[in-house]
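One letter stands for each residue in the lines below.
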Amino acid sequence: MPVTSRTTLPRVEPVVPPTAWLFLSRDAATLPGMANGSTTTDTANAATPTQQTARRPALSPSRASDFKQCPLLYRFRAVDRLPEPPTKAQVRGTLVHSVLERLFGLPRADRTPERARELLRPTWSQLSEECPEWMELFSEENFDKELNQWLTSAEKLLDSYFKLEDPRRLDPEACELHVETELSSGVLLRGYIDRVDVAPTGEIRVVDYKTGAAPREIGEAKAMFQMKFYAVVLWRLRGIVPRQLKLMYLSDGQALAYTPDEPELARFERTLEAIWQAILRAGKTGDFRPNPSKLCGWCSHQALCPSFGGTPPEYPGWPEPDPGEESVLDRAD
Ligand code: SF4
C-alpha cells in the first residue's frame, strides 16, 4: 500500500480557514463522559449491552498496523495477548490525551494553558488510581523527583499544544470517540478517534495528538495509516469523506494535515480488507511470521522471536471474541 510521506502530500492545510471549524451542532461540554474521561460512540450498528460483552472480532488501526509491520508481533499482541510493560512515554501520552479531553469539557474561556496545567495532577491522580501499576514506572528511592520531572515533561507537551491551536476557538463534536462500522465485505472496523471537529458546512476534521518519543519519521507512515483508517470508518458511518486529517505532534510542536479523497479511501478500504483476510488465514494455521525491521527496537517480545533466537509460545488458537481491541496505551501513542 502506498503511504504518503510528509513531503509528498498533494494538499495541505488550510483547506478551510481554521476559524471555520469553530462552530458545531453539539456542545462539547454536554457530551456524555466529556468531563470524566469516558468516551462517546459512533457506530453503524449500535450493539445492545449483551452484544457488547461478546463482540465480534474486529480490525483496529493499531492491530492492523502491527500485522503490516510484523505478523508475529500481531500474534503476540492480539492472539497470545502477552503483557507489555508500559513505558513512561506511553503513559505520559495517555495522561496528556486525558487532560486535553477534559480541557474541551470546560467552557471555552477556561481552556487556557494555566487551566490545562491545573488539570494535570488531578488527572494523573485519577489515572494512577485506576492503573496503580503505572506508579512502578518511578523508582522508590527517587519517586518524587522522577514523578515531578515526568509531570514537567507532560506540561511541556501541553504547552506545545497551545502553540498549535487555541482551544477557546473551537468546540469539538467529540473527543475520544469510539467508532465501529462493518464494511460491505463483512470486515468490522473499530477504533477510538482523539477528536472529531465538524464545520458549519458539515465538513469533518479528524484530529490525532501525537506525544510519542520515537523519531517522527518512524511513526509518520503509521500515523497516516491510522488516520486513513478513521477516515474510512467515518466515511462509511456518515457518508461523508472527512475534509481533513490532522496530526498534531506535541513533542516538536508541528502539525501535519492531509485531505483524503473518495477513490483513495476506497483503495484503502480494500487494503484493510486484504489485511483482515491475511490475518484470518494466519489465524487458522498459526503461521504468523516475524518480519524484522528497525522497528524491532520498540518490540517487547524479542526474547520470544525466532529472528532474535527465541521461540514463540505454543499457538493458542484464534481468540474469540475480540482480537482487534486496542488498549488505552495504544490510543495515546
Ligand atoms: S522482534 Fe521484530 S520480528 Fe520479532 S516479533 Fe518483534 S517486531 Fe516482529
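Just so you know, the residues in each chain are numbered from 1, in the order the chain's sequence is written. The model is predicted, so local features are restricted to residues of pLDDT at least 70 and side-chain atom pairs to those at 80 or more, both for listing and for counting; the totals for chains, interfaces and linings are taken over all residues.

### Side note on helix H3 (residues 71-79)
Move 1: The buried fraction of H3 is high, at eight of nine residues.
Move 2: Each residue is classed by its C-beta neighbour count within 10 Å, where at least 20 other C-beta atoms makes it buried, 12 or fewer makes it exposed, and intermediate counts make it partly exposed; the C-beta atoms are placed from backbone geometry. Put simply, DSSP marks the helices as runs of H or I at least four residues long and the strands as runs of E at least two long, and each gets a number from the N terminus on. The complete set of buried residues in H3 reads Leu72, Leu73, Tyr74, Arg75, Phe76, Arg77, Ala78 and Val79.
Move 3: The contact criterion used is a C-beta to C-beta distance within 7 Å, with each C-beta placed from the backbone. Where H3 is buried, its residues touch helix H2 (61-69) and helix H8 (262-285).
Move 4: With its phi angle positive at about 55°, Arg81 sits one or two positions after the end of H3.

### Points about the packing of helix H5 (residues 113-130) against helix H6 (residues 143-164)
Relative placement of two packed helices is described by the angle separating their axes and the distance separating the axes.
Move 1: Each axis is a line fitted through C-alpha atoms, taken for helices only over the stretch in contact, and angles between the N-to-C directions span 0 to 180 degrees. For the pair H5 and H6, interaxial distance at closest approach is 10 Å and the crossing angle is 145°. Of the two elements, H5 crosses H6, and the hand of that crossing is right-handed. Seen from H5, the contacting residues are Pro113, Ala116, Arg117, Leu120, Arg121 and Trp124; seen from H6, they are Leu151, Ala154, Glu155, Leu158, Asp159 and Phe162.
Move 2: Residue type decides the class: Asp, Glu, Lys and Arg count as charged, Ala, Val, Leu, Ile, Met, Phe, Trp, Tyr, Cys and Pro as nonpolar, and the leftover types, Gly among them, as polar. Partitioned by chemical class, the residues of the contact of H5 with H6 number eight nonpolar, no polar and four charged. A clockwise turn of the near helix away from the far one marks a right-handed crossing, whereas an anticlockwise turn of less than a right angle marks a left-handed crossing.

### Let's talk about unusual backbone geometry
Move 1: Unlike most non-glycine residues, Arg81 shows phi in positive territory, near 55°.
Move 2: Residue position: Arg81 is located in the loop between H3 and helix H4 (88-104).
Move 3: Its identity is not glycine, yet Glu176 carries a phi of approximately 50°, on the positive side.
Move 4: Residue position: Glu176 is located in strand E2 (residues 174-182).
Move 5: Classification of Glu176 as buried rests on a count of 24 C-beta atoms within 10 Å.

### With respect to the nonpolar core
Generally speaking, soluble globular proteins have nonpolar side chains that are buried together.
Move 1: The term nonpolar core refers to a group of buried residues, namely Ala, Val, Leu, Ile, Met, Phe, Trp, Tyr and Cys, whose C-beta atoms join them within 7 Å. In terms of nonpolar packing, the biggest core is built from 65 residues, with Val96, Val99, Val206, Met227, Tyr230 and Ala231 touching the most fellow members.
Move 2: Those residues in contact with Met227 that lie beyond four places of it in its chain are Val206, Asp208, Leu245, Leu247 and Tyr258.

### Regarding the confidence of the model for the chain
Move 1: The pLDDT value tells you how sure the predictor is about a given residue, anywhere from 0 up to 100. Summarising the model, the chain shows a mean pLDDT of 84, and 78% of its residues fall at 70 or more.
Move 2: Between residues 1-39, whose pLDDT stays under 50, and residues either more than four places distant or in other chains, the model counts 65 contacts.
Move 3: Overall, residues 45-53 carries pLDDT values under 50, and its contacts beyond four positions in sequence, including any with other chains, amount to three contacts.

### Considerations on the site of the ligand
Move 1: Should the C-beta atom of a residue, placed from the backbone, lie within 6 Å of a molecule or strand, that residue is near it. Around the ligand, a shell composed of 14 residues is seen, among which Cys70, Pro290, Cys296, Cys299 and Cys305 lie nearest.
Move 2: For the shell around the ligand, the class distribution of residues is ten nonpolar, four polar and no charged.

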